[in-house]
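Tertiary structure, described
The residues making up each chain are set out below.
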Amino acid sequence: MSTKTQIPHVDYLRLGDRPHLVANECTSCGARYFDRRNACASCFGTDFREVEVATEGVLTSFTIVAFAAPGVPVPFVAGVIDCDGTSVRGNVINTEPDDEHVKLGMKVRLATTSLGTDDDGIEAIGFGFEPAEGASA
Amino acid sequence: MSEDVFILGINMTKFGKHPDLDIQDLGAQAAMAALADADVSMGDMGILAYGNLVGQTFGQQLQKQIGQTGIPVYNVQNACATGATALRTAIMAIKAGECDMGLAVGVEKLAGAGLLGAGGGGGSKDGHHWEPSGRVGAVATTDGRIGTQQMPGTFAQVGMEYLYKNDYEGTPFELFAKISVKNHKHSTLNPLAAYTKEMSLEQVMGDMMIAYPNTRPMCSANCDGAAAAVVVSAAKLKTLSAEQQRRAVKVSASVLTSDPWQEACQVLPDVNTLTRVAAKEAYEQAGVSPEDLDLVELHDCFATAELVHYDNLQLCEPGGAVDFFESGAPWRDGSTPVNVSGGLQSKGHPISATGIANIWEVCHHLRGEAGDRQIEGAKVGMAHVIGLGSACGVHILESSAA
């Protein structure tokens, strides 16, 4: 009997040996989305396929949040990552949260992080992007 | 072609803290002053368009204080573009021929409201059992874990994205802080601004960091305030006094857009495309070009936002917002004065009032009534607001006096 021990933070994060993100891609225009869809906001199509999103990318924008909603640990780096043509929202993790270590255009790669374990012993796994020196982005 | 519409009277309250005034008091103050400014009464109004976002009040409550005449009331909400949407609703009613005069009111009480944002969203509360919920099946809040959903960080990324796309090689923090220095300097001439203190670059950069590169004075100030405008049809205006006709300000363009789909627009809000579309349409409607603008009030909800809108509103060459700013152009003595009111960073941002208050500022100059901060000889001006989600209102105004 296999017991589930991990659950992804969001359902577009796929765990396992090779954690990656997936997107819902419109089969008619190619627009990609991370949420459950009713239709395509670009072309109004209703047919989607699941596609894998590149795990390496370039940081195209960021902020270092120093003051956040209650319960959100600060500081943290929030940013947008261009993963081979698909823009992804995510935190920049595993580096110092300051403008010496985080730069526009830096190469990053997907990394997972634990959000903790619930009463059933299930660990929630989240994702972020960490600096990837030398990564081919 | 539909009929021209004019601003007949307009007013904004002092922005800031009004602990002794409730939402109806503030709305009534602005509405009654706008009616007095127009030299008309509630009895002349054919429509009331009312905006109040956070307070969740209705125009009918305002009517019960200042005049119940049975006219239709449109209660509108459109994020930070609520005021502009109320104004545009009244303008549309006149253009549609349903009435010849209307009142638009925007009011908000926000003093002490703190950080505004979309909230945690998506997931269930952090707790004992991970339970997927929402459109991305989140088992925990996403705000702070998958980016930020708060306004300062969202608009910080908007500004940073512009720098990335345009290969900026300088120091972002200092660049954006200088924009804030400009607006705080401008505010010293505006007695209705919530904050009227000049701030040095060191003071702006040394203040509390909210979301890099935006420190506290680089963020719009939550405060109380109201603004109201009386609009009139061209035909009706011709029947009014010479003084009313002289002070009337022509609404040469009134445009409202939402964000058209773009790659990444559901990842980081795209406040650029809808502003570009609105500006283009406004210039065409008005038959004026960016060079004709004597002043611009644009939506500087954060210092990082002001920069991108120089470009979006065509005040500079595409990609040239940094050069435009560094040339001194948007200072009040520059070629295209931007936010001579002090902008949202110092004047304050009582959400629903903002989209009418910026029209008030432009009208004030076009009428030659702006006192110490008058832009001499101003004939044409633009007012712009963005509501995240998104909505964009752009109005171009021209003085009646030739």
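Please refer to the structure higher up on the page.
Sequence positions are assigned chain by chain, starting from 1 and proceeding in written order. Naming scheme: in the order in which they are written, chains are lettered from A and ligands are numbered from 1. Local features are withheld for residues below a pLDDT of 70 in this predicted model, meaning they are given only at 70 or higher, and side-chain atom pairs are given and counted only at 80 or more; totals for whole chains, interfaces and linings count all residues. With hydrogens and water stripped out, all remaining heavy atoms of the structure feed into the side-chain values.

Some points on the overall build of chain B
Basically, it comes down to this: Here a strand is any run of E in DSSP of at least two residues, a helix any run of H or I of at least four, and the numbering for each starts at the N terminus. Computation of the radius of gyration draws on C-alpha atoms alone. For the globule rule, the value is 2.2 Å times the number of residues to the power 0.38. Only protein chains enter the accessibility calculation, which uses a 1.4 Å probe. A residue is then buried if its area is under 20% of the maximum for its type, exposed if over 50%, and partly exposed in between. Using a 1.4 Å probe, the Shrake-Rupley method yields the accessible areas, and only the shown protein chains count as cover for residues. By the counting scheme adopted, Arg and Lys are positive, Glu and Asp are negative, and His together with the chain ends is not counted. Note that the charge is assigned to NZ on lysines, CZ on arginines, CG on aspartates and CD on glutamates.
Within chain B, the regular secondary structure consists of 13 helices and 11 strands. Taken over C-alpha atoms, the radius of gyration comes to 21 Å for chain B, in line with the 21 Å a tight globule of 402 residues would show. Counting only C-alpha atoms and orienting by the principal axes, one finds that chain B spans roughly 65 × 50 × 40 Å. The 402 residues of chain B split such that 61% are buried. On chain B, roughly 14,400 Å² of surface is accessible, and the fraction owed to carbon and sulfur atoms is 50%. Across chain B, the 27 positively charged side chains and the 44 negatively charged ones have centroids separated by 4 Å.

Brief notes about the overall build of chain A
For chain A, the count of helices and strands is zero helices and 10 strands. Beginning at the N terminus, the succession of helices and strands in chain A can be written as β-β-β-β-β-β-β-β-β-β. The principal-axis extents of the C-alpha atoms in chain A amount to approximately 45 × 45 × 35 Å. Of all 137 residues assigned to chain A, the portion counted as buried reaches 45%. Total accessible area on chain A stands at roughly 6,700 Å², and carbon and sulfur atoms take up 45% of it. In chain A, 11 positive and 20 negative side-chain charges are present, and the distance between their average locations comes to 7 Å.

With respect to the sheet that holds strand β4 (residues 101-108) of chain B
Residue and element names in this part refer to chain B. The condition that has to hold: Two strands pair under a simple rule: DSSP has to find at least two bridges between them. Geometry is summarised by axes, namely lines fitted to C-alpha atoms with helices restricted to the contacting stretch, and by angles between N-to-C directions that run from 0 to 180 degrees.
On the basis of which strands lie adjacent, the open sheet formed by nine strands has the order β3-β2-β4-β7-β1-β8-β11-β10-β9 and mixed pairing. Of all strands in the sheet, those with a lone pairing partner are β3 (73-76) and β9 (295-297), marking the two edges. Taking each pair of neighbouring strands and ignoring which way they run, the sheet shows an average axis angle of 25 degrees. Looking at chain direction, β4 and strand β7 (residues 225-233) are connected through eight bridges and run antiparallel.

Topic: the nonpolar core
The following threshold applies: To form a nonpolar core, buried Ala, Val, Leu, Ile, Met, Phe, Trp, Tyr and Cys residues must be joined to one another through side-chain atoms within 4.5 Å. Any two residues having at least one pair of non-hydrogen atoms within 4.5 Å are treated as being in contact.
Counting 83 residues, the largest nonpolar core has Phe127 of chain A together with Leu307, Tyr310 and Leu315 of chain B as the members making the most contacts within it. Non-local contacts of Leu307 of chain B, meaning those with residues more than four positions away in its chain, are made with Tyr162, Leu163, Leu175, Phe176, Ile179, Ala321 and Val322 of chain B. One finds Met12, Val76, Leu87 and Ala93 of chain B within the second-largest nonpolar core, a separate group that totals 37 residues.

Overview of the pairing of strand β1 (residues 5-12) of chain B
Residue and element names in this part refer to chain B. Burial runs high along β1: eight of the eight residues are buried. Bridge count between β1 and β7: seven bridges; the pairing is antiparallel. Within the sheet, the bridge partner assigned to Gly9 lies in β7 and is Val230. Direction of pairing for β1 relative to strand β8 (residues 249-258): antiparallel, over a ladder of three bridges. Paired with Ile7 across the two strands is Val249, which belongs to β8.

Some thoughts on unusual backbone geometry
Cis geometry marks the peptide bond from Val74 of chain A to Pro75 of chain A; its omega dihedral reads -5 degrees. With respect to the helices and strands, the residue Pro75 of chain A is situated in the loop between β6 (56-65) and β7 (76-83). Despite not being glycine, Asp167 of chain B shows a phi value in the positive range, around 55 degrees. Structurally, Asp167 of chain B can be placed in the loop between α4 (151-165) and α5 (172-187).

Quick look at the packing of aromatic side chains
Operational definition: Aromatic contacts are taken between Phe, Tyr and Trp rings whose centres are within 6.5 Å, Trp giving its six-membered ring; a plane angle under 30 degrees counts as stacked, one over 60 as edge-to-face, and the others as tilted.
All chains considered together, the criterion is met by nine aromatic pairs over all chains. Relative to Phe302 of chain B, the ring of Phe155 of chain B lies with its centre 5.5 Å away and its plane at 25 degrees, an arrangement referred to as stacked. One end of the pair, Phe155 of chain B, is in helix α4; the other, Phe302 of chain B, is in the loop between β9 and α10 (303-312), with 147 residues separating them in the sequence. Given a relative accessible area of 4%, Phe155 of chain B falls into the buried group. Taken together, the ring pairs connect Tyr12, Phe34, Phe127 and Phe129 of chain A into an aromatic cluster.

Let's talk about α4 of chain B
Residues and elements named next belong to chain B. Heads up, the rule is: By definition here, a helix of n residues has an expected span of 1.5 Å times n minus one.
The end-to-end C-alpha distance of α4, which contains 15 residues, comes to 21 Å, matching closely the 21 Å that a straight helix rising 1.5 Å per residue would cover. Here α4 lies mainly inside the structure; 12 of its 15 residues are buried. Among all positions of α4, only Pro152, Gly153, Thr154, Phe155, Ala156, Gln157, Val158, Gly159, Met160, Glu161, Tyr162 and Leu163 are buried. Two residues or fewer past α4, Asp167 is found with a positive phi of approximately 55 degrees.

A word on the side chain of Gln374 of chain B
All names here are of chain B. For clarity, the threshold we go by: Each polar contact in these results corresponds to two N or O atoms within 3.5 Å; when the atoms are within protein, one needs to be able to donate a hydrogen and the other to accept it, and residues that are neighboring in sequence are counted only if both atoms are side-chain atoms.
Along the chain, Gln374 turns up in the loop between α13 (351-366) and β10 (380-387). Residue Gln374 is classed as buried on the basis of its relative accessible area of 11%. There is a polar contact of 3.3 Å between the side chain of Gln374 and the backbone nitrogen of Glu369. If we ignore the near neighbours within four places in the chain, the residues touching Gln374 are Arg332, His364, His365, Gly368 and Glu369.

Concerning the state of the cysteines
Stated precisely, the cut-off is as follows: Disulfide assignment relies on a single distance test, namely cysteine sulfur atoms paired within 2.5 Å.
Per the stated rule, a full pass over the model turns up zero disulfides over all chains. The closest cysteine sulfur to the non-disulfide-bonded Cys392 of chain B is located on Cys301 of chain B, 11 Å from its own sulfur.

Points about helix α1 (residues 23-38) of chain B
Residues and elements named next belong to chain B. In this model α1 runs 22 Å from its N-terminal to its C-terminal C-alpha over 16 residues, within 8% of the 22 Å that 1.5 Å per residue would give. Looking only at α1, the buried set comprises Ile23, Gln24, Leu26, Gly27, Ala28, Ala30, Ala31, Ala34, Leu35 and Ala38. Capping the start of α1 is the job of one residue whose side-chain oxygen sits 3.1 Å from the backbone nitrogen of Gln24: Asp22. Positive phi appears at Asp39, one or two residues downstream of α1, with a value of about 60 degrees.

Looking at the packing of α4 of chain B against α5 of chain B
Residues and elements named next belong to chain B. Here is the rule we go by: Just so you know how the angles are binned, under 35 degrees is roughly parallel, over 145 roughly antiparallel, 65 to 115 roughly perpendicular, and the rest oblique. By convention, the crossing between two helices is left-handed when the near helix turns anticlockwise from the far helix through less than a right angle, and right-handed when the turn is clockwise. For this classification, the nonpolar set comprises Ala, Val, Leu, Ile, Met, Phe, Trp, Tyr, Cys and Pro, the charged set comprises Asp, Glu, Lys and Arg, and every other residue, Gly included, is treated as polar.
Interaxial distance between α4 and α5 falls to 11 Å at its minimum, and their mutual angle equals 120 degrees. By the angle class used here, α4 and α5 are oblique. The interaxial crossing formed by α4 with α5 has right-handed handedness. Between α4 and α5, the contacting residues are Gly159, Met160 and Leu163 on the first element and Pro172, Leu175 and Phe176 on the second. Among the residues making up the contact of α4 with α5, the classes are represented as five nonpolar, one polar and no charged.

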